[in-house]
Amino acid sequence: MDVNAAPFFTAQGLCKSFFGVQVLHDMAFSLRPGQVLGLVGENGSGKSTTMNIVGGVLPMDAGRMTIDGAEYRPRSPGEAEARGIAFIHQELNLFRNLSVAENLFIAGFPKLIKGLPFIDRAKVRARTQELLAAVDLDVAPNTPVSRLSQGERQLVEIAKALGANARIMIFDEPTTSLTTRETDRLFDIIGRLQRQGIAIIYISHILGDVMRLCDDIVVLRDGHLVGSAAKADMTIEKMITLMVGRTIDQMFPPRDPPVTLGGPVLEVRGLSQRGMVKDINLSLRAGEVLGISGLMGAGRSELARILFGMDPFESGEVSIGGTKVAALSPAACMDHGMAFLTEDRRAEGLMMEASIADNVALASLPKFGTTWARFIERTRLGDEVTRVSKAVQINARDLQRTLVKNLSGGNQQKAVIGKWLLHHPRVFILDEPTRGIDVGAKYEVYKIVNQLAAGGAGVLFISSEIEELTGMCDRILVMAHGEIRAEFPRTDFDREAILRAAMWHGLKESA
Amino acid sequence: MSARDPGSRGRHTTLFLLRNAPVLLFIVLLAAFGMMSGRFLTVTNFVNIFIQAAHIGIIAIGMTFVLLIGGIDLSIGANMYIVAAVLGLYLKDLPLVVSFPLVTLIGLAFGAVNAWFITRLRVAAFITTLSTLFVGRGIALYFSGNKMVGFSPEVLSLGRASYLGVPSAIWAFAIVFIVAFVTLSQTTFGRQIYAVGADADAAGKAGINVRRIVFSVYCIAGVCAAIGGLVSLSQVAVASSTFGFQKEFPVIAATVLGGTSLFGGRGGVLGTVFGAVLIQTVENGLVMTDADPYLYPLVISVIIFIAVFVDSTRTSILERLERRQIRVERA
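For clarity, every value in this text was computed on a predicted model and none was experimentally measured. Residue indices follow the written sequence of each chain, beginning from 1 at its first position. Chains and ligands are labelled sequentially in the order written, the chains with letters from A and the ligands with numbers from 1. Under the rules for a predicted model, residues below a pLDDT of 70 receive no local features and side-chain atom pairs below 80 are neither given nor counted, while totals for whole chains, interfaces and linings still include all residues.

Caption draft 1: Broad picture of the overall build of chain A. Helix and strand assignments come from DSSP, with helices taken as H or I runs of at least 4 residues and strands as E runs of at least 2, each series counted from the N terminus. Along the backbone of chain A there are 18 helices and 20 strands. As a reference, a globule follows 2.2 Å times the number of residues to the power 0.38, and the radius of gyration itself is taken over C-alpha atoms. A compact globule built from 511 residues would reach a C-alpha radius of gyration of about 24 Å, and chain A, at 26 Å, matches this within 12%. The principal-axis extent of the C-alpha atoms belonging to chain A is close to 75 × 55 × 45 Å. Backbone-placed C-beta atoms define the burial measure: a residue is buried with 20 or more other C-beta atoms within 10 Å of its own, exposed with 12 or fewer, and partly exposed in between. By the burial criterion, 47% of the 511 residues in chain A qualify as buried. Distance between backbone-placed C-beta atoms decides contact: two residues are in contact if it is within 7 Å. When contacts within chain A are restricted to residue pairs at least 6 apart in sequence, long-range pairs at least 24 apart make up 69% of them.

Caption draft 2: View of the nonpolar core. All names here are of chain A. In this structure, Met169, Ile200, Tyr202, Ile429, Val459 and Phe461 are the most contacted members of the largest nonpolar core, which totals 234 residues. Residue assignment places this core across two domains, with domain 1 (9–244) and domain 2 (263–337 + 426–437 + 458–511) each supplying three or more. Ignoring anything within four residues of it in the chain, the contact list for Ile200 reads Val36, Leu37, Met169, Phe171, Ile190, Leu193 and Gln194. Joining buried Ala, Val, Leu, Ile, Met, Phe, Trp, Tyr and Cys residues through C-beta atoms within 7 Å gives a set, and that set is a nonpolar core. Reported domain spans reflect what an automatic or database domain assignment gives.

Caption draft 3: Looking closely at unusual backbone geometry. Residues and elements named next belong to chain A. Positive phi values are uncommon outside glycine, yet Asn165 reaches one of about 55 degrees. For Asn165, the position within the fold is in the loop between helix H5 (150–163) and strand S7 (168–172). Classification of Asn165 as exposed rests on a count of 11 C-beta atoms within 10 Å. Despite not being glycine, Asp222 has its phi angle at roughly 50 degrees, a positive value. Within the element layout of this structure, Asp222 appears in the loop between strand S9 (216–221) and strand S10 (224–230).

Caption draft 4: Layout of the domain arrangement of chain A. For chain A, the assigned domains read domain 1 (9–244) and domain 2 (263–337 + 426–437 + 458–511). Taking only C-alpha atoms into account, the centre of domain 1 of chain A sits 32 Å from that of domain 2 of chain A.

Caption draft 5: Expanded view of the pairing of strand S17 (residues 427–431) of chain A. All names here are of chain A. With five of its five residues buried, S17 lies for the most part within the structure. The alternating pattern of S17 places Val427, Ile429 and Asp431 and Phe428 and Leu430 on opposite faces, both of which are buried. Whether two strands pair comes down to DSSP finding at least two bridges between them. Two elements, strand S16 (residues 338–341) and S17, share four bridges in a ladder whose sense is parallel. Paired with Leu341 across the strands is Leu430, a residue of S17. In this sheet, strand S18 (residues 458–462) lies alongside S17 in parallel orientation, the contact comprising five bridges. Each residue of the ladder has a partner; that of Phe428, found in S18, is Val459.

The structure is reproduced here in structure tokens:
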């Protein structure tokens, strides 16, 4: 493609806020036909927000986009598609119960006879074969999508985009679940699309791939565009430096680490589960805050779910509070004094339609029904609920009446912590405890974490924000690709080194 | 192909068994009843089974559309009774070619009311159709004065008629089946029903008018309930106040037994026909073997339990097989 061709797509001054927090500031970029634009940045740097705006998933607050000089302001993914923009999502949007051909034409099949509803199966098959050939996918058109591998499904998505005559294709982390061979094949296809004049936006943490594929690279940090250059003027080192930046404006409560940590409260030896995590070894001591860093999909939440007995594991052993727990289950883990704050508090942590008091009491009800009839001792329970709610400072007038769904994100998170506090746990697993809550509430969550540790509990703190971890933890483990890749004691905290370890998989691929 | 977890082969075998559980059950039942009664394995008896299964089968075909999008319609029994009451009370003197289409339209309207509440007011399908189940029967009982409703003699003679040697009930069953089968497998609308059932959000993103599809399937269920009601009342000639009462149980059981998932997206009307015939075979077999009539509900409920159990086991296994993996384990 002619590198001097004029851009046909431009975006300027894109801004987006969620609940008063601006997550994207003045984003701007343009695309030429056949250009591959790489978009890199840490988790939460605004990459997905940008692409969701371009793909019509989110509306923009401010800014302007044009296609061929004409105003472009999509209100739905359908509209974006009609204007020639296809989004190949990380979570593929295919119908697994339908065939490949049906997936390609589900929005409108060619008809056998005009005016009648019957599908022209022969035409569907022929057209599908053509599109599949264009992406080098050798499967029969009537193969059910459920039989295809992750990589093959991705090719089907691309074929679908080709069928819709897309001019811009957006790839969001397309290689995370692909084998090396599938990745190579994907890159061949992307090269082919490029030669056909299709512009590509490529989002990835695998910086080596970005260097290999892209003509131009845009780096985002905290919603700001911090670097934009042609491949020739960019290196992996430079990308990492730009991504990390040097803005530390976040506030953390002072943390005085205890002089001597207690004995181990959680020990994990050689924990493995195929396809999820491999050979995990870690030891968490009483009074310690142990951070787990890593990129999206590094296996952190999966590890947490296994440790709390929600998912199975194949080999390895787990000891909680010094006793080996053979059969992990949420009930067994709770009995041994483990508490788990899930990443998705709406779905797993809270009953939205119930009061704060009911939510806080939920996990400890058996402790308050110890008389012969097992009736719940309302008064004692009520006192305890009031006590922990004070301890975590839930701002609500009436604990018994206020429904959890009416609380802010921060207060909801405090209600979950309160729920577990009632149980006096010795091990706390916190999975993204500050996601989606405002700065003030974050500070209060940090204070609670410090209190927990000071009270002798061990805290496993999972977070995507490296700053939060360096601010809060005594030690940080870095996960990548389901394995623990590095360990940093507090004295050696270095954001760049942590990020580099998290990107181990990506850097390795490029080597 | 990417690596699958090691238990997958065992799970695939289990899946195969689960998928074919109703067929295995059917074969076992045929053999058992056949041994117990000499009259069971005869052509006449099987024609009878089909005639008796026709009305359940037709309504279950409509139910299949609803379950395919992951919905439910509990109100079909009330729909049947309204159709019977209107036909017997007000349209008795009209020729059947006029009155039958008219009451079928009433069934359609009943389905459209369900659909309107579900798609426009976003009331859960379970609640909506549970309410219309009571409201519908209540209205019809008010007009019928809780008394038997009789029909014109032509209705009964239609019920007893045969064309080309095939009884009318089986004709109706076959025609509804063919139309439904072609619609589901050969039209855009049909394939989009499967897409909506698999993932309504993704279907919306793919440009499918989800609301229109959902609306349509409840209308189809209403029409099928009306047709099934007509087939049933033409066999019995009168409709008591319990006509259609609790029909939702055998209908949903037949659909699920035929392999249509309660969770949406999987199944089809061919299986539904099979399911309806299977349930009728059991009832017929129990009669033929002079089983204690108090045993019938027990046996039927065991079969319904098997159907629902098989469906949820299969769904959870499929979910486990489909779980996204983080690591790609190289062989």
